[in-house]
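Fold and contact review
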Amino acid sequence: MSINTEMSVRVAAITQVADQVRRLRFERVDGQPLPVFSGGAHVVVSMRDGAILRRNPYSLMSSPADSSGYEISVLAVEKSRGGSTFLHHKLKVGDTLAISQPINLFPIDQRGRKHILMAGGIGITPFMAMMDQLAREDRSFELHYAVRTRSHGAYWRELQARYGARRVHVYCDAEQLFIPTGEILGHQPLGTHLYVCGPAGMIKGVLGSAAQLGWPRQNLHSEEFLAPPPGKVFKAVLTRSGKTITVHSHQSILEAVEAAGVEAPYLCRGGACGQCETAVVGCDGALEHHDIYLEPEDKASGKKIMICVSRISGSEIRLDL
Amino acid sequence: MNIAFNDETFRDDFTFRNSPQAIRRFPFPFHEDSYMYAVNMEPHVPLARDSAYGTLIDVDEHYVAEMRDRALVLKEDPLRYQALPHMMTAQWDTLELLMEQQAAGYPELFTLTRDGDRWHWINRPLNIDQRFTFGDAATLPCEPLEYITRQAQGDFCIVDQRDGNLWMDAGMVTTQADWSLDFDIGMNFMEWHGPVPLAHQIGVFDRALKFLLNLQQGRPVRRLNWTMTINARLDTSPENYHKWGPDRATVTPENVGNKVHLRCELQSLWRLPRSNGILFVIRCFLIKMEELVTVPKWARRFHRVLRDLPPELADYKGLTRYRPTTVAWLAKYDDGAPTSPGFFPD
């Protein structure tokens, strides 16, 4: 049985906060309060873009305790698959959208004695909500925030004003200032937790130096939303529903499945949570795994695929859907 | 809904019994004539109002007596309530959830009024009128989880989610089927399920853990579990084994009907919003064999389930000693007729 817990929301405000970054505020159409949530959570936003239904995950950046509205920030992406372009150029104040309940795949470790947050660019958004929660609970934290230029970086001024320069450190590429990762990670008290959100390269670099410095794996946390990469067009045969569908080059399998009216489970739509794991019945080419969920042996087995981000190199895949 | 609360005991003279209405609403756990472990989880949504699924947090005729029994257990053994320090946010999440659900399901019994963080809670059956500040534990007589679970039927565990696992880091456990919070506190999902036979081999716990790690806010789930208890004792804990263990040797063909109980746990799991923890509610329902057989379908089916249960399961559930006597007694109520599918009485 599937239960629809999506909420219908109205765009209450749109604010241009930096070069290429827009903040959207959502309020419920029925006037009811939105659920409170935990810092680090995201929602999946469903957009009707003409005939196409787009669904993208966005981190919640407003105060987790504020049930009057949710805020997200959207970066204008040059090679947008459509969602970012839609939210930047088509969406207007007063429009309605559907959003999922909050989902947290990047939570604060409640045991942490101190929390170090490292953000790159738009990766700042989950930390906005986290810092609100940490500050309210009077817990120790510091933010290290890398931006390309001062005008690209969203929110750094207001964050410094709110939490002070001792807790909010800003590094600007254009000024040749970079996060001194080794220095920061080399001098932390026992019980410190590290959280990284930003481009893949940054996450890899920071986690790598933490590992080198002997940080326990349990104290390292990261979040990266993978956009489904484009690829060749192929066919997917859904064996249980008896349908054959076409997966276009800028579409994920999951999106094609949904467009065909077949229900498939999902949560993050970014290859991280494992919810959309699907059994592969057959495939005439190689699976191109793009997720960060499946174990290497699962990927090698050719029996499982995360349909939110992964594709195939052949012309047809048969799925247990 | 008007509930007449029973004046009854779950120890010493065991005056517990179910009214005819309570028998009809018992959450009978077998949908077919046999039983095996499965990841039997389904959405926790309300069903018929006169069933145990009528509200998401059920309150029934045993409420007042169960809360009195819980207070007695805690007085003898305060460690039945424990919460690790990092669980305070989850404690408040739980208090909110239970107050909201009870007030929504039973407005004539409970009232919750909120003005920002200033809350006012009225519990009429227990004669409680409490004003407090949400988020400030100093404004309640005890920690928020202990406070609210002294006013809610069932055991409550809060698990913390981290490192791809779930950790038993807080709870109120006084109506348990032979497990101990004091022993399990701080363990992860695989550790605390360690003793269960057969289920590990068929991958039940791997699948269940994967499912729960993705449990969503606003979409609670439930499952049923069951065992049997001799005498209507809620507190069958390892700590008190010396009190209830010997009871299992007292079953005779003459006393099965009154002494042997089917014990059903209606378990519900809820994602908590502020802490991202999961609240695990384990609500225990008891029914005597003589009450159970007043529903012919349940009499036939339970006879068959108990008779055909794999011996490992009977051993793990502690039924081995009195199973033959009980099966023989139940056989009188099983004419071999087919039973209809599903849990509910015909």
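**Comments concerning the overall build of chain B**
In terms of helices and strands, chain B carries 13 helices and 10 strands. Against the globule reference of 20 Å for 346 residues, chain B gives a C-alpha radius of gyration of 20 Å, in line with a compact fold. A buried classification covers 62% of the 346 residues belonging to chain B. Of all intrachain contacts in chain B linking residues separated by at least 6 positions in sequence, the fraction that spans at least 24 positions is 71%. In the form shown here, chain B has an accessible surface area of approximately 13,900 Å², with 54% of it arising from carbon and sulfur atoms. One finds the centroid of the 38 positive side-chain charges in chain B at a distance of 3 Å from the centroid of its 47 negative side-chain charges.

**Some points on the overall build of chain A**
Of regular secondary structure, chain A possesses seven helices and 18 strands. In summary, chain A has a C-alpha radius of gyration of 20 Å against a globular reference of 20 Å for 321 residues, a match within 12%. Projected onto its principal axes, the C-alpha positions of chain A cover 60 × 50 × 40 Å. Across the 321 residues in chain A, those meeting the buried criterion constitute 52%. By sequence separation, contacts in chain A at least 24 residues apart represent 68% of the contacts at least 6 residues apart. Approximately 14,200 Å² of chain A is accessible, and the part contributed by carbon and sulfur atoms is 51%. For chain A, the separation between the mean place of its 35 positive charges and that of its 32 negative charges on side chains is 2 Å.

**What about the packing of aromatic side chains?**
Applying the stated criterion across every chain yields a total of 26 aromatic pairs over all chains. With 5.7 Å between their ring centres and 50° between their planes, Phe106 of chain A and Phe127 of chain A make a pair best called tilted. Placement of the pair is Phe106 of chain A in the loop between strand 6 (96-99) and strand 7 (114-120) and Phe127 of chain A in helix 2 (residues 125-136), with a sequence separation of 21 residues. Judged by relative accessible area, Phe106 of chain A falls into the buried class, the value being 2%. Taken together, a centroid distance of 5.0 Å and an interplanar angle of 75° make the contact between Phe30 of chain B and Trp226 of chain B edge-to-face. With Phe30 of chain B in the loop between helix 1 (20-24) and strand 1 (42-43) and Trp226 of chain B in strand 8 (residues 221-230), the pair connects residues that are 196 residues apart, well separated along the chain. With respect to class, Phe30 of chain B is no different from Trp226 of chain B; both count as buried. Grouped by ring-pair contacts, the aromatic residues Phe26, Phe28, Phe30, Tyr35, Trp226, Phe285, Trp298 and Phe302 of chain B constitute a single cluster.

**Section: the sheet that holds strand 6 of chain A**
Residue and element names in this part refer to chain A. What the six strands build is an open sheet, ordered 4-3-6-1-2-5; its pairing is antiparallel. In this open sheet, the two edge strands, each paired with only one partner strand, are strand 4 (52-59) and strand 5 (70-75). Across this sheet, the average inter-strand angle for adjacent strands is 40°, counted without regard to direction.

**A closer look at the packing of helix 2 of chain A against helix 3 (residues 156-163) of chain A**
All names here are of chain A. Packing of helix 2 against helix 3 leaves a shortest axis separation of 12 Å and a crossing angle of 5°. If you check the angle between helix 2 and helix 3, you find them roughly parallel. Contact residues: Met128, Met131, Asp132 and Ala135 in helix 2; Glu158, Leu159, Arg162 and Tyr163 in helix 3. Looking at side-chain class alone, the contact of helix 2 with helix 3 contains five nonpolar, no polar and three charged residues.

**Digging into the interface of chain A and chain B**
Between chain A and chain B, the residue contacts involve 25 residues of the former and 17 residues of the latter. In this assembly, chain A packs against chain B so that about 1,900 Å² is buried in total across both faces, 47% of it on carbon and sulfur atoms. Taken together, the connections running from chain A to chain B amount to one salt bridge. The shortest N-O distance in the salt bridge between Glu277 of chain A and Lys210 of chain B comes to 3.3 Å. Inspection of the region where chain A meets chain B yields 10 residue pairs in polar contact (both at pLDDT 80 or more).

**Describing helix 3 of chain A**
Helical geometry: 3.6 residues make up each α-helical turn, so side chains three or four residues apart lie on a common side. All names here are of chain A. Of all the positions in helix 3, only Trp156, Leu159 and Tyr163 are classed as buried. Within helix 3, the buried residues cover an arc of 60° as seen down the axis, which keeps them to one side. Relative to its buried face, helix 3 has exposed residues pointing more than 90 degrees away, namely Arg157, Ala161 and Arg162. Of the surrounding secondary structure, the elements contacted by the buried residues of helix 3 are helix 2, strand 8 (140-147) and strand 9 (168-172). Gly164 sits one or two residues past helix 3 and shows a positive phi near 90°.

**Points about the domain arrangement of chain A**
All names here are of chain A. Entries for chain A in the domain assignment read domain 1 (7-99), domain 2 (114-223) and domain 3 (234-319). Using only C-alpha atoms to locate each centre, domain 1 and domain 2 end up separated by 24 Å. At the interface, 19 residues of domain 1 touch 16 residues of domain 2. In total, about 1,400 Å² of surface goes out of reach between domain 1 and domain 2, with carbon and sulfur atoms giving 56% of it. The largest contributions to the domain 1 side of the interface with domain 2 come from Asp19, Ser59 and Met61, which together make up 31% of the buried area. Inspection of the domain 1/domain 2 interface yields zero salt bridges. Counting across the domain 1 and domain 2 interface gives four residue pairs in polar contact (both at pLDDT 80 or more). Listed by contribution, the elements that provide at least two residues to the side of domain 1 that touches domain 2 are strand 1 (7-18), strand 2 (21-28) and strand 5.

**Describing the nonpolar core**
The tendency in soluble globular proteins is for nonpolar side chains to be buried as a group. Residue and element names in this part refer to chain B. Grouped together as the largest cluster of nonpolar side chains are 62 residues, with contacts concentrated most on Leu166, Trp226, Met228, Leu262, Met289 and Phe302. Here this core gets six residues from one element, more than from any other, and that element is helix 7 (residues 204-213). Filtering out sequence-adjacent residues up to four positions away, Trp226 remains in contact with Pro29, Phe30, Tyr35, Leu262, Arg263, Cys264, Phe302, Leu309, Lys317 and Leu319. Grouped together as the second largest cluster of nonpolar side chains are 37 residues, Val59, Leu74, Ala90 and Trp270 included.

**What about the pattern of salt bridges?**
Residues and elements named next belong to chain A. Going through the model one piece at a time under the given rule, you end up with 44 salt bridges over all chains. Notably, a salt bridge pairs Arg28 with Asp30, separated by 3.0 Å at the nearest N-O pair. Relative accessible area serves as the criterion here: at 21%, Arg28 is assigned to the partly exposed category. Classification of Asp30 by relative accessible area gives partly exposed; the value is 46%. Taken together, the salt bridges that share partners define one network made up of Arg10, Arg23, Arg25, Glu27 and Glu71.

**Details of the side chain of Arg223 of chain B**
Residue and element names in this part refer to chain B. By the element assignment, Arg223 lies in strand 8. Buried charged residue Arg223 carries no salt bridge. Nearest counter-charge: Glu265, at 6.1 Å. Among the polar contacts made by the side chain of Arg223, one reaches the side chain of Gln267 at a distance of 2.8 Å. With residues up to four places along the chain from it excluded, the contact list for Arg223 reads Asn40, Met41, Glu265, Leu266 and Gln267.

Reading guide: rules and limits
- Residues numbered from 1 in each chain as written.
- Chains lettered and ligands numbered in written order.
- Predicted model: local features only at pLDDT ≥ 70, side-chain atom pairs only at ≥ 80, totals over all residues.
- Heavy atoms only, no water.
- Helix = DSSP H or I, 4+ residues; strand = E, 2+ residues; numbered from the N terminus.
- Rg over C-alpha atoms; globule rule 2.2 N^0.38 Å.
- Buried < 20%, exposed > 50% of the residue type's maximum accessible area, 1.4 Å probe, protein only.
- Contact = heavy atoms within 4.5 Å.
- Areas by Shrake-Rupley, 256 points an atom, 1.4 Å probe, with all protein chains shown as cover.
- Lys, Arg positive; Asp, Glu negative; His and termini not counted.
- Charge placed at Lys NZ, Arg CZ, Asp CG, Glu CD.
- Phe/Tyr/Trp six-rings, centres within 6.5 Å; stacked < 30°, edge-to-face > 60°.
- Pairing = 2+ DSSP bridges.
- Axes fitted to C-alpha atoms, helices over the stretch in contact; angles between N-to-C directions.
- Parallel < 35°, antiparallel > 145°, perpendicular 65-115°, else oblique.
- Nonpolar A, V, L, I, M, F, W, Y, C, P; charged D, E, K, R; others polar.
- Buried area = accessible area lost by both parts, 1.4 Å probe.
- Salt bridge = Lys/Arg side-chain N within 4 Å of Asp/Glu carboxyl O.
- Polar contact = N/O pair within 3.5 Å; in protein donor to acceptor, adjacent residues only side chain to side chain.
- Arc of directions from axis to C-beta.
- Domains from an automatic or database assignment.
- Core = buried A, V, L, I, M, F, W, Y, C linked by side-chain atoms within 4.5 Å.

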